[in-house]
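# Fold and geometry: a report
Next come the chains, spelled out residue by residue.
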Amino acid sequence: CVRAFVCVHVCVHVCARVCTCLYILPCVYTYNAGKLSKVAYNVLHNQATERPFTSPLLKEKRVGTFACAACNTELFVTKSKFDSGTGWPSFYDKLEGVELETGNLIDKLSFMCEVHCVTCGGHLGHVFDDGVLWQVPTGKRYCINGASLAFKPTASNAEGGRNSVFFEN
């Protein structure tokens, strides 16, 4: 079962623009009767932003994969996570499950681009070209709402451990 919907929203983070997106979604992508918290629902469906420094995934250091909280599509790996100090989980690289919203002039002038889950269209956060400040390999900083993510630890490292030189003690 698949359905299509048009999402029309006003971005209030940096600019006041109207954005129209067409998504083809599985029918299960709804509020999911308690699967998503209210914050996660608002981030994924209404392009909201969680408060900084509130996500438990901000300090997640175990080896594993970060997936979409709504549809479980793999989005990022721990290896690309780093501490940007911004209050949201940050990554310097993405997996194929991340889709960039391109063609928006205001976002380009703001040096950012909105990112979505390629499977369900859920809003994840933004990508910025300021990664050089943290000397990350790609020069990109994917600033992602932790509420839009679900962490899946690697079986052999489910108890803990560090995986990246970008984590500080």
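Conventions and cut-offs
Residues numbered from 1 in each chain as written. Predicted model: local features only at pLDDT ≥ 70, side-chain atom pairs only at ≥ 80, totals over all residues. Heavy atoms only, no water. Helix = DSSP H or I, 4+ residues; strand = E, 2+ residues; numbered from the N terminus. Buried < 20%, exposed > 50% of the residue type's maximum accessible area, 1.4 Å probe, protein only. Areas by Shrake-Rupley, 256 points an atom, 1.4 Å probe, with all protein chains shown as cover. Core = buried A, V, L, I, M, F, W, Y, C linked by side-chain atoms within 4.5 Å. Contact = heavy atoms within 4.5 Å. Pairing = 2+ DSSP bridges. Axes fitted to C-alpha atoms, helices over the stretch in contact; angles between N-to-C directions. pLDDT = per-residue confidence, 0-100. Phe/Tyr/Trp six-rings, centres within 6.5 Å; stacked < 30°, edge-to-face > 60°.

### Some thoughts on the overall build of the chain
- Assigned secondary structure in the chain consists of two helices and 11 strands.
- Going from the N terminus to the C terminus, the chain shows its helices and strands as β-β-α-β-β-β-β-β-α-β-β-β-β.
- Taking all 169 residues of the chain together, the buried fraction comes to 46%.
- Accessible area of the chain: about 8,800 Å², with a carbon and sulfur share of 57%.

### Description of the nonpolar core
- Counting 24 residues, the largest nonpolar core has Leu-75, Phe-76, Ile-144 and Leu-149 as the members making the most contacts within it.
- Of all the secondary structure elements, the ones that give two or more residues to this core are helix H1 (38–46), strand S3 (64–68), strand S4 (74–77), strand S8 (112–117), strand S9 (123–128), strand S10 (141–144) and strand S11 (149–153).
- Setting aside its immediate chain neighbours within four residues, Leu-75 contacts Phe-66, Ala-67, Cys-68, Lys-94, Leu-95, Gly-97, Val-98, Cys-117, Leu-124 and Leu-149.

### Digging into the sheet that holds strand S6 (residues 90–91)
- Here we have six strands laid out as an open sheet, ordered S5-S6-S10-S9-S8-S7, and antiparallel in their pairing. Taken across any chain shown, the strands that pair with only one partner, and hence form the sheet edges, are strand S5 (81–82) and strand S7 (98–100).
- Pairing between S9 and S10: four bridges, direction antiparallel. If you follow Val-127 over to S10, its bridge partner there is Tyr-142.

### A word on the sheet that holds S3
- Reading across the sheet, the three strands line up as S4-S3-S11 and stay open at both edges, with antiparallel pairing between neighbours. Of all the strands in the sheet, the pair left with one neighbour each is S4 and S11. Ignoring strand direction, the axes of neighbouring strands in this sheet form an average angle of 30 degrees.
- Relative to S4, S3 is paired through three bridges, and the arrangement is antiparallel. What sits directly across from Phe-66, in S4, is Phe-76.

### Describing H1
- Among the residues making up H1, those that are buried are Ala-40, Val-43, Leu-44 and His-45.
- Just past H1, the residue Gln-47 takes up positive phi, approximately 55 degrees.

### Topic: the confidence of the model for the chain
- Confidence in the prediction of the chain, expressed as mean pLDDT, is 78, and 66% of residues score 70 or more.
- Predicted confidence in the chain is weakest over strand S1 (residues 2–11), with a mean pLDDT of 42, and strongest over S6, with 98.
- Note that residues 1–31 has pLDDT below 50 and, in this model, 75 contacts with residues that lie over four places away or in other chains.
- Below pLDDT 50 for its whole length, residues 160–169 participates in 27 contacts with residues either more than four positions away or in separate chains.

### Focus: the packing of aromatic side chains
- As enumerated under the stated definition, the model contains five aromatic pairs in all.
- Between Phe-66 and Phe-91, the aromatic rings sit 5.0 Å apart at their centres with planes inclined by 70 degrees, giving edge-to-face as the arrangement. Pair noted here: Phe-66 is in strand S3 and Phe-91 is in strand S6, with a separation of 25 residues, a long-range link.
- On the basis of relative accessibility, which here comes to 0%, the residue Phe-66 falls in the buried class.
- A residue is classified by how much of its surface remains accessible, and Phe-91, at 0% relative accessible area, is buried.
- Ring pairs connect the aromatic residues Phe-66, Phe-76, Phe-91, Tyr-142 and Phe-151, which therefore count as one cluster.

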